[in-house]
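Architecture at a glance
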Amino acid sequence: MTDIVLSLRDASFGYGDTPVVTGVTLTVAAGDVLAVLGANGSGKSTIVKGILGLADQFGGEVSVFGQPREAFHDHPRLGYVPQRHTLSSTVRSTVREVVATGRLSRRPWWSRTTAADRRAVDRAIDLVGLTDRARVDTADLSGGQQRRVLIARALAGDPDVLLMDEPTAGVDAVNQHVLADVLRRLVAEGLTIVVVTHELAAFEDLVTRVVVVDSGHITFDGDRDTFERTAHSVLHDHNHHHHDDDHDPDDHGTVPVTVEVSRPATAVPGVRHG
């Protein structure tokens, strides 16, 4: 029987008094590589924040590794790469120093760094292909390299599930290829991955399942092959019915979902720059 690592049943999430997504029913099995697609403002980021407890829950059930979310405390098992850039340019930190902060949840705050911590940091940096940049200041890295540092920081905690929010946003095509290679390594390691994105081109050969979110509701949930066969009708309906007044604090603008199927990832439409 396949292990279910994340489960949502009729869940609703939002911020303050405002629901953003409602009636979300979703399961993620161990080994899944799930793409959560949706135009900006659709609520796709809020679903991930709801799973993590970073958004208010208005109803329904959320379980993590078989436990109700409120009873789940083994937080390092969930790795999170946020959408917004969180590497400060005002505090000088090397790649290794930033990645090492990903180990803090694995030990008491007062304890010293252990050999196991150092090995985990080295491994995470290697997995994202930044070993030769480990002692470089993060402010001197490109946007794509900084995104890989954030992924390594999440990996340093040895998570079983990695949730990434728009990992290719503002990243050029070359670095999108590098990010896709990083994900291939993680998939080969057996990591369960949830990728929130408004385009699929960079990840299409890795994704096993696709969920489409439109106006705060899941409108498609199926395997990649089914999605590719029906992508035109699914996304035409999605973009036609998307409303600009849907509010998701983590999404900006009204960029439509962009999907390239059976084409090289060098053609990456819909990428936002800046």
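Here the structure is shown first, and the text comes after it.
So, here is what we can say about the structure in this document. Residue positions are given per chain, counted from 1 along the sequence in the order it is written. A pLDDT threshold of at least 70 governs which residues receive local features in this predicted model, and a stricter bar of 80 or more applies before side-chain atom pairs are shown or counted, although totals over entire chains, interfaces and linings include all residues. Hydrogens and water are ignored here; the side-chain numbers use all heavy atoms of the structure.

**Concerning the overall build of the protein chain**
Runs of E in the DSSP output that reach at least two residues are strands. Runs of H or I that reach at least four are helices, and both are numbered from the N terminus. For the protein chain, the count of helices and strands is 6 helices and 10 strands. For the protein chain, the proportion of its 274 residues judged to be buried stands at 50%. Per-residue and other accessible areas follow the Shrake-Rupley method at a 1.4 Å probe size, with only the shown protein chains counted as cover for residues. Surface accessibility of the protein chain: about 12,600 Å² in total, with carbon and sulfur atoms responsible for 50%. Between buried and exposed lies partly exposed: a residue is buried under 20% and exposed over 50% of the maximum accessible area for its type, with that area taken using a 1.4 Å probe on protein chains only.

**A few points about the layout of surface pockets**
Only protein atoms enter the 1 Å grid used here. Points where a 1.4 Å probe fits but cannot escape make up a cavity, open sets with protein on both sides within 12 Å along at least five of seven lines make up a pocket, and a residue lines them when an atom lies within 4 Å of a point. Grid points are joined across faces, edges and corners, and a volume is the space filled by probe spheres set on the points. Its volume calculated, the largest pocket comes out at about 250 Å³. Those elements giving two or more residues to the lining of the largest pocket turn out to be β6 (78-81) and α4 (143-155). Tallying contributions element by element places β6 first for the lining of the largest pocket, with 3 residues. Its residues assigned to classes, the lining of the largest pocket shows 5 nonpolar, 6 polar and 1 charged. Each residue is assigned to one of three groups, with Ala, Val, Leu, Ile, Met, Phe, Trp, Tyr, Cys and Pro labelled nonpolar, Asp, Glu, Lys and Arg labelled charged, and all others, Gly among them, labelled polar.

**Focus: the packing of α4 against helix α5 (residues 173-188)**
Two elements in contact, α4 and α5, have axes whose closest approach is 9 Å; the angle formed by their N-to-C orientations is 15 degrees. One finds that α4 runs roughly parallel with respect to α5. Of the two elements, α4 crosses α5, and the hand of that crossing is right-handed. Residues Gly144, Gln145, Arg148, Ile151 and Leu155 of α4 lie in contact with α5, whose contacting residues are Asn175, Val178, Leu179, Val182 and Leu186. The residue makeup of the contact of α4 with α5, split by class, is 6 nonpolar, 3 polar and 1 charged. Axes here mean lines fitted to C-alpha atoms, for a helix over just the part in contact, with angles spanning 0 to 180 degrees between N-to-C directions. When an angle is under 35 degrees it counts as roughly parallel; over 145 it counts as roughly antiparallel; between 65 and 115 it counts as roughly perpendicular; any other value is oblique. Here is the rule for handedness: rotate from the far helix to the near one, and if that takes an anticlockwise turn smaller than a right angle the crossing is left-handed, while a clockwise turn gives right-handed. We call two residues in contact whenever any of their non-hydrogen atoms come within 4.5 Å of each other.

**Description of the sheet that holds strand β3 (residues 33-37)**
The 6 strands are arranged β6-β7-β8-β3-β9-β10 in an open sheet whose pairing can be described as mixed. Of all the strands in the sheet, just β6 and β10 (217-223) have a single pairing partner and so form its edges. On average, each strand axis in the sheet is inclined to that of its neighbour by 15 degrees, with strand direction left out of account. Strand pairing is assigned whenever DSSP identifies at least 2 bridges connecting the two strands. Judged from the 5 bridges that link them, strand β7 (residues 161-165) and strand β8 (residues 192-197) form a sheet pairing that is parallel. The residue bridging Val161 from the neighbouring strand is Thr192, located in β8. In the packing of helix α1 (residues 44-52) onto the sheet, the strands contacted are β3, β6, β7, β8 and β9 (209-214), and the crossing angle to β8 comes to about 140 degrees. The strands that α4 touches are β6 and β7; relative to β6, the one it contacts most, it runs at about 165 degrees.

**Details of the packing of aromatic side chains**
Two aromatic rings, drawn from Phe, Tyr or Trp (for Trp, its six-membered ring), form a pair once their centres lie within 6.5 Å of each other, and the interplanar angle then sorts them: stacked below 30 degrees, edge-to-face above 60, tilted otherwise. Across all of its chains, the model carries 2 aromatic pairs by this definition. Criterion for a charge above a ring: Arg CZ or Lys NZ at most 6 Å from the ring centre, at most 35 degrees from the ring normal. One residue, Arg77, lies across the ring of Phe65, its end atom 3.7 Å from the ring centre.

**A word on α1**
Of all 9 residues in α1, 8 are buried; the element is thus mostly enclosed. Those residues of α1 that sit buried are Lys44, Ser45, Thr46, Ile47, Val48, Lys49, Gly50 and Ile51. Of the residues one or two after α1, Gly53 is the one with positive phi, at around 80 degrees.

**Observations concerning the sheet that holds strand β4 (residues 56-64)**
The sheet built from 4 strands is open, its strands ordered β2-β1-β4-β5 with antiparallel pairing. This sheet does not close on itself; its edge strands, each paired only once, are β2 (18-29) and β5 (67-68). Packing of α1 onto the sheet brings it into contact with β1 (4-15), β2 and β4, and relative to β1 it is tilted by some 115 degrees.

**Considering unusual backbone geometry**
Positive phi, close to 50 degrees, is recorded for Phe65, a residue that is not glycine. Within the secondary structure, Phe65 is located in the loop between β4 and β5. Look at Ser215: it is not a glycine, yet its phi comes out positive at around 50 degrees. Tracing the sequence through the fold places Ser215 in the loop between β9 and β10. On the basis of relative accessibility, which here comes to 19%, the residue Ser215 falls in the buried class.

**As for the pattern of salt bridges**
Only one rule defines a salt bridge in this text: a Lys or Arg side-chain nitrogen within 4 Å of an Asp or Glu carboxyl oxygen. Under the criterion given, the structure shown has 12 salt bridges. Glu228 is the partner of Arg224 in a salt bridge, and the nearest nitrogen-oxygen pair spans 4.0 Å. Here Arg224 and its partner Glu228 are both found in helix α6 (residues 224-241), 4 residues apart, which amounts to about one turn of the helix.

**Comments concerning the environment of Val194**
Checked against the element boundaries, Val194 lands in strand β8. It is 6.0 Å that separates the C-alpha atoms of Val194 and Ala35, two residues lying 159 residues apart in sequence. Excluding residues that lie within four positions of it along the chain, Val194 makes contacts with Leu6, Val28, Leu34, Val36, Val48, Leu162, Leu163 and Met164.

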